[in-house]
Amino acid sequence: LGRGRDARGGDEACLLVVDESRVEVLDWWQQALSDEPDRAGSRSWGNVLPRVLVAAELRDRATGAPLLAVSTHLSLTSQRARVRSAEALREVVASRDVPAIVLGDLNAGERSRTLDALLADDLLRDAWDVADERTTPQWATRPAYRSPREGGRRLDWILVGPGVDVHRIAIDPRAFVGGWPSDHLGVHALVHLDGAVG
């Protein structure tokens, strides 16, 4: 679900990949992280490039449990843009009265204004912090095609709202065919949603 971030739907995308045998897509949308969220390719707040979020309202086919899933990639260069984008993400989550998961490259570490804005008032929680089990060390999530190291900054996040319990979480440091598929590491979580495992 999703398309590129520029005005024509090209360039980088923040896709949500959904297993439709497991969940039903009730609705999805993409919006610019700008003062003109409905205008594709728009930029505000110091964003050098257009930035977007992709959101989907989903329903678990086994249990009927609802879920809002949101994917994003925030500004690399502007703290102001990241904080304003965090506020826009919170507005999307707060506007829906369902459990929510927000995931993406936030280009912000744990003690940043961006994370402070996202985690304010417990609307969202850091999945790493609240997980029942962490199955890997806390790797820095942007090793830039080098061997991962422990204890560095996490720039890639899974955040969860009320109604989403995190059973297990991991940061994936595996290389494939002698290299890494991205300059970032994947973050994976097994969550419980109103009695469903997903």
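Residues numbered from 1 in each chain as written. Predicted model: local features only at pLDDT ≥ 70, side-chain atom pairs only at ≥ 80, totals over all residues. Heavy atoms only, no water.

## Side note on the layout of surface pockets
At step 1: Here the largest pocket is characterised by a volume of approximately 1300 Å³.
At step 2: As for the largest pocket, its lining consists of 44 residues, and the residues nearest its centre are L16, V17, L103, I158 and V187.
At step 3: If you list the elements that add at least two residues to the lining of the largest pocket, you get strand 2 (52-60), strand 3 (66-73), strand 4 (100-105), strand 7 (156-160), strand 9 (186-193) and strand 10 (196-197).
At step 4: Ranked by residue count, the leading element in the lining of the largest pocket is strand 9, at six residues.
At step 5: Per-class residue counts for the lining of the largest pocket are 26 nonpolar, nine polar and nine charged. (1 Å grid on protein atoms, 1.4 Å probe; cavity = no way out; pocket = protein on both sides within 12 Å on 5 of 7 lines; lining within 4 Å. Points joined across faces, edges and corners; volume = space filled by probe spheres on them. Helix = DSSP H or I, 4+ residues; strand = E, 2+ residues; numbered from the N terminus. Nonpolar A, V, L, I, M, F, W, Y, C, P; charged D, E, K, R; others polar.)

## A look at empty space enclosed by the protein
At step 1: In the structure shown here, the tally under the stated rule is one cavity of 30 Å³ or more.
At step 2: Estimated volume of the largest cavity: approximately 40 Å³.
At step 3: Around the largest cavity, the lining residues are D126, A127, W128, T141, R154, D156, W157, I158, I169, I171 and V187.
At step 4: If one sorts the elements of the lining of the largest cavity by residue count, strand 7 sits on top with three residues.
At step 5: Taken together, the residues that form the lining of the largest cavity break down as seven nonpolar, one polar and three charged.

## Looking at the environment of A100
At step 1: Within the secondary structure layout, A100 lies in strand 4.
At step 2: The class of A100 is buried, set by a relative accessible area of 1%.
At step 3: If near-sequence neighbours (up to four positions away) are discounted, A100 is found in contact with L67, L68, V93, L159, V160, G161 and V164. (Buried < 20%, exposed > 50% of the residue type's maximum accessible area, 1.4 Å probe, protein only. Contact = heavy atoms within 4.5 Å.)

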